[in-house]
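# Secondary and tertiary structure notes
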Amino acid sequence: MTRNLISNSIKFLILGVFCFVLSITQISAQAGTGGITGIVNDSTGAIVPNATVKAVNIDTGATQTTNASGEGVYTFTSLRPGKYTVSAVASNFSEQKLQVEVQVGRITDANFALGAGNVSAEVTITAEGIQTTVSNSDAVINETAIANLPINGRRFQDFATLTPGAQIDTERNQISLSGQRGINANINVDGVDYNQPFFGGIRGGERSNFAPTIPQESIKEFQVVAAGYNAEFGRSSGGVVNVVTKGGTNKLRGSAFYLFRPEALAINHSFIKRVEVERNLDIVGAPTQQQIGGSIGGPIKQDKLFYFGSLEYQRFRADRIVDFGLGAITAAATNQEALDFFRTQQTNYVLSNDAVTALGRIDWNITDANAANFRFSWNKGDGANGVAVGDASVLSNPVVNSAFSNEGIERDRNYVF
């Protein structure tokens, strides 16, 4: 009996490991990658069966080869987003090459029309709008948009609001897709769950509304599927945000930035000016904020092994003026004690919003049929006296009606491998 128990336990362990590995493989293939599919024809439109089709990543040299079916159909899955050279060749036909862009979560159609022998051709195909094999109503924010569009706070998820059906909910300031609560959205990074395990929404919870949890410099692109996504994604009713991070390439590349928003450029509104007069204060409407960081990536071994790393730091300090509006209340014997108490609570204090986040990644093209990548990300966020239930407007409102005794320190730590 003991022997059978041990044997069954080993079987269950092997089955569990197999299911775990299989689930990781499926998630990665569906959520963190893209694909290419198409039909191989000749110049007259007739099917060319069993053609050899090869896809080569232009940046890393990663290669996949497949054979078209008897109906001329070929498919590449689990391709890392980027630009590819796809070539097709068959007996008695010349080789044709296509320049194809693969985007996360999308299947790009790339069809061949092979000519007679010794007549080669090269065609460029972009992924934007060319996806007839998947019915998802999606939008992709690509690397160019992330690098060039203005953003306040360098939180990549804020770009999602540029896509149809996406907005920030009023409850916890998370990403709301198709009117669903923000905590019901499903966030994937490189095909792996990146959801806050308690409340839902993006990992980091409400602190993610104030500070980045992943360096923006490390985000390559992401897909937003607000509704109508395939059952393969599962888990959530509120839509999917599908993120891919950058990796190293055969070229050494880096970036650096320093963002400086001086308080001298801020203009106070009338409410702040009123409090300044009433209490003889000098209030800054938008305090100085500084963000600094950069990234670097390149080859360890050409076409085989690559590295990438990024780091970002944010510093923010703001004076907070506590004002209960006591000037509008007439003092009397019945309320004098309460007024005196509340006046003692009108103590000014300093709010902070500091954060540092880093990401490192190694990509390894083991063979044409096997590849691996290893990624570690970390962030540390500290907000002193910033208890605000995720309301990002607290950073821009110097006059508050919450006493210092009601405040505390909000901390966020994430370690993701």
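Residues numbered from 1 in each chain as written. Predicted model: local features only at pLDDT ≥ 70, side-chain atom pairs only at ≥ 80, totals over all residues. Heavy atoms only, no water.

### Considering the pattern of salt bridges
Within this structure, the stated rule accounts for 15 salt bridges. Close ionic contact of R106 with D138 constitutes a salt bridge, the shortest N to O distance being 3.0 Å. In this pair, R106 sits in the loop between β6 (96-102) and β7 (107-109) while D138 sits in strand β10 (residues 137-141), placing the two residues 32 residues apart along the sequence. Each of the two residues, R106 as well as D138, counts as buried. A salt bridge links R154 to E312; the nearest nitrogen and oxygen atoms lie 3.1 Å apart. Taken as a pair, R154 in the loop between α2 (143-148) and β11 (166-168) and E312 in strand β19 (residues 305-322) lie far apart in primary sequence, 158 residues in all. For the residue pair R154 and E312, the accessibility class agrees, reading buried in each case. Here the salt bridges do not stand alone but share partners, grouping R80, D190, R361, D363 and R375 into one network. (Salt bridge = Lys/Arg side-chain N within 4 Å of Asp/Glu carboxyl O. Helix = DSSP H or I, 4+ residues; strand = E, 2+ residues; numbered from the N terminus. Buried < 20%, exposed > 50% of the residue type's maximum accessible area, 1.4 Å probe, protein only.)

### Focus: a nonpolar patch on the surface
Together, I300, I362, W364, I366, F374, F376, Y415 and F417 make up a nonpolar patch on the protein surface, roughly 860 Å² of accessible area in all. Within the residue set of the nonpolar patch, elements represented by two or more residues are β21 (354-365) and β22 (371-384). Structurally, W364 can be placed in strand β21. W364 gets classed as partly exposed once you look at its relative accessible area, which sits at 39%. (Patch = residues over 30% accessible without salt bridge, like charges linked within 9 Å, V, L, I, M, F, W, Y side chains within 5 Å. Areas by Shrake-Rupley, 256 points an atom, 1.4 Å probe, with all protein chains shown as cover.)

### Quick notes on the packing of aromatic side chains
Taken as a whole, this structure holds eight aromatic pairs when the rule is applied. Summarising the aromatic geometry, the rings of F341 and F342 are spaced 5.5 Å apart at their centres and angled 70° between planes, so their arrangement reads as edge-to-face. Taken together through their ring pairs, the aromatic side chains of Y74, F76 and F112 make up a single cluster. Over the ring of F257 we find R154; its NZ or CZ atom is 3.7 Å from the centre of that ring. (Phe/Tyr/Trp six-rings, centres within 6.5 Å; stacked < 30°, edge-to-face > 60°. Lys NZ or Arg CZ within 6 Å of the ring centre and 35° of its normal.)

### Description of the nonpolar core
Of all hydrophobic cores here, the largest spans 24 residues; its most connected members are F156, L177, Y194, I214, I219, F222 and V243. Listed by contribution, the elements that provide at least two residues to this core are α2, β12 (175-177), β13 (186-189), β15 (219-227) and β16 (240-245). Ranked by the residues each element gives to this core, the list is headed by β15, at four residues. Setting aside anything within four residues of it in sequence, one finds V243 in contact with F156, N188, V189, D190, G191, I219, E221 and F222. Counting 20 residues, the second largest nonpolar core, distinct from the first, contains V48, V53, F76 and L98. (Core = buried A, V, L, I, M, F, W, Y, C linked by side-chain atoms within 4.5 Å. Contact = heavy atoms within 4.5 Å.)

### Here we look at unusual backbone geometry
A positive phi angle, near 55°, is found at S178, a position not held by glycine. Examined against the element boundaries, S178 turns out to sit in the loop between β12 and β13. Positive phi outside glycine occurs at D303, with the angle close to 65°. Topologically, D303 is positioned in the loop between β18 (289-301) and β19.

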